[in-house]
Amino acid sequence: MLLEQHDVAPDEVLKALEIVKIDFEKKQSNKLAL
């Protein structure tokens, strides 16, 4: 929602979401490994 309200270019939004997704997946993997 924040990204939509600030007129960020769609490709920038998708890049940011991909980074967040990868980071979240890494954190989940680390939790499962413990």
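For the structure, check the block above.
Summary of the structure given here. Treat the numbers as computed from the prediction; the structure is a model and nothing was measured. Numbering of residues begins from 1 in every chain and follows the order in which that chain's sequence is written. In keeping with the model being predicted, local features are shown solely for residues with a pLDDT of at least 70 and side-chain atom pairs are shown and tallied solely at 80 or more, while totals for entire chains, interfaces and linings include all residues. The basis for every side-chain value is the complete set of heavy atoms in the structure, and neither hydrogens nor water enter the calculation.

The subject of this paragraph is the pattern of salt bridges. Pairing of side chains with opposite charge becomes possible as their charged atoms draw close. We count a salt bridge whenever a side-chain nitrogen from Lys or Arg sits within 4 Å of a carboxyl oxygen from Asp or Glu. Enumeration over the complete set of coordinates arrives at three salt bridges. Of the charged contacts in the structure, one is a salt bridge between Lys15 and Glu12, with a shortest N-O distance of 3.7 Å. Of this pair, Lys15 and Glu12 are both found in helix 2 (residues 10-33), three residues apart, which corresponds to roughly one turn of the helix. Judged by relative accessible area, which is 40%, Glu12 ranks as partly exposed. A salt bridge links Glu25 to Lys21; the nearest nitrogen and oxygen atoms lie 3.2 Å apart. You can see Glu25 and its partner Lys21 sitting in helix 2, four residues apart, about one turn around the helix. For the purposes of this entry, the term helix denotes a DSSP run of H or I that reaches at least four residues, the term strand denotes a run of E that reaches at least two, and both are numbered from the N terminus. Under the scheme applied here, a residue whose accessible area is under 20% of the maximum for its type counts as buried, over 50% as exposed, and between as partly exposed, the area being computed with a 1.4 Å probe on protein chains only.

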